[in-house]
Amino acid sequence: MPVGVLAFILGLIQALTEFLPVSSSAHLILARTWLDFKAADGLTFDVALHFGTLVAIVIYFRRDLLALLRGFVNSIFRRGLKDPNGRMAWFVIAACVPGAVVGARYETAIETYFRHPGVTVFTLIAGALLFLWAEKRFIHEALMHSLSLERALIIGCAQTFALIPGVSRSGITIVVGMMCGLRRDEAARFSFLLATPITFGACLLKGLELSESNLPIPHDEKVALIVGVLTSAVGGWMVIRFLLGFLRRHGLQVFAWYRIALALAVAAFLLF
């Protein structure tokens, strides 16, 4: 299969699964294994796909991000957090700290020990059970701007578990946001805003690492990276729009059952 087609398929998988609470890393690991994709270094290609979905977030939430940026600047010059956007900007920054610290400290260990299809069987099912429990147990009717710093930090700490394949960054932050009282779509909105700085930081660090290596990028790898970024960016924008609308009217149960079905399929594949 041509490199461009393989990259398109993986970019589409990234777009569909990065924002849907079903774990993009699990799907990419499985898809790369089954498709025997070796046109680009696995982690480099994953970062490229995440850059594409970062572009989708920035374009879709450009007004929200600009409002947060203005609020952040105003909070510094006016030395206060009376502006809801300024307060939310600081909450987003604070919530990103746990994931950044844990990622910087344990990235190598996580990549070494957890990046395997077998791990995703357990994490997919655990996430599904958490979805079903949260839908049944918690009342979630609050808007995003009602978040306190304490609850924003709880969501940020939960995000650290998404470093393990199969957990799903959007899934864990949305469900913990619901546990903190947020409406499903508002929890998803906060989750996407939270993804912006941490994904940008991860892409920046990996980009600097690659630039320092001074290794030439083969033509096939360039094609794979470009196709993957474009596909994940366009597809990601469409998925964000769909998911926010879906969560206004429906719960997480459908994603929970999908995760369980996928976990069973992976288990069967590994066993037989």
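Just so it is clear, the structure is predicted and the values come from calculations on it, not from any experiment.

A. Looking closely at the confidence of the model for the protein chain. For the protein chain, per-residue confidence averages 86 on the pLDDT scale, and residues scoring 70 or more make up 92% of the total. Here helix α2 (residues 24–35) stands out as the least confident element of the protein chain, with mean pLDDT 73; helix α8 (residues 169–179) is the most confident, with 95.

B. Broad picture of the packing of helix α6 (residues 117–137) against α8. In contact at an axis separation of 10 Å, α6 and α8 are set at 20 degrees when each is read in the N-to-C sense. When the interaxial angle is binned, α6 and α8 end up roughly parallel. Viewed along their axes, α6 and α8 form a crossing whose handedness is left-handed. Contact residues: α6 offers L130, F131, W133, A134 and E135, while α8 offers G171, I172, V175, M178 and M179. Counted by class, the contact of α6 with α8 contains eight nonpolar, one polar and one charged residues.

C. Structural context of helix α5 (residues 84–113). The end-to-end C-alpha distance of α5 is 41 Å, a good match for the 44 Å that 30 residues give at a rise of 1.5 Å each. Taken as a whole, α5 has its buried residues at G86, M88, A89, F91, V92, A94, A95, C96, P98, G99, G103 and I110. Two to three positions downstream of the cap, the backbone nitrogen of N85 sits 3.1 Å from a side-chain oxygen, assigning the N-cap of α5 to D83.

D. Quick peek at the layout of surface pockets. Its volume calculated, the largest pocket comes out at about 1,100 Å³. Along the wall of the largest pocket there are 36 residues; nearest its centre are G103, E107, L163, I198 and A202. Among the elements of the structure, α1 (3–19), α2, α3 (42–60), α5, α8 and α9 (184–213) are those that each provide at least two residues to the lining of the largest pocket. Top element by residues in the lining of the largest pocket is α9. It accounts for nine residues. Residue composition of the lining of the largest pocket, grouped by class: 15 nonpolar, 13 polar and eight charged. A volume near 320 Å³ is recorded for the second largest pocket.

E. Region of interest: the packing of α5 against helix α7 (residues 149–159). At their nearest, the axes of α5 and α7 sit 7 Å apart, and the two run at 35 degrees to each other. Two packed elements cross with a definite hand, and for α5 against α7 that hand is right-handed. Across the interface between the two elements, F91, A94, A95, C96, P98 and G99 of α5 pack against L149, A152, L153, G156, C157 and Q159 of α7.

F. Structural detail: unusual backbone geometry. The backbone of S168 shows a phi angle near 85 degrees, a positive value even though the residue is not glycine. Tracing the backbone shows S168 in the loop between α7 and α8.

Parameters at a glance
- Residues numbered from 1 in each chain as written.
- Predicted model: local features only at pLDDT ≥ 70, side-chain atom pairs only at ≥ 80, totals over all residues.
- Heavy atoms only, no water.
- pLDDT = per-residue confidence, 0-100.
- Helix = DSSP H or I, 4+ residues; strand = E, 2+ residues; numbered from the N terminus.
- Axes fitted to C-alpha atoms, helices over the stretch in contact; angles between N-to-C directions.
- Parallel < 35°, antiparallel > 145°, perpendicular 65-115°, else oblique.
- Left-handed = near helix turned anticlockwise from the far one by under 90°.
- Contact = heavy atoms within 4.5 Å.
- Nonpolar A, V, L, I, M, F, W, Y, C, P; charged D, E, K, R; others polar.
- Expected span 1.5 Å × (residues − 1).
- Buried < 20%, exposed > 50% of the residue type's maximum accessible area, 1.4 Å probe, protein only.
- Polar contact = N/O pair within 3.5 Å; in protein donor to acceptor, adjacent residues only side chain to side chain.
- 1 Å grid on protein atoms, 1.4 Å probe; cavity = no way out; pocket = protein on both sides within 12 Å on 5 of 7 lines; lining within 4 Å.
- Points joined across faces, edges and corners; volume = space filled by probe spheres on them.

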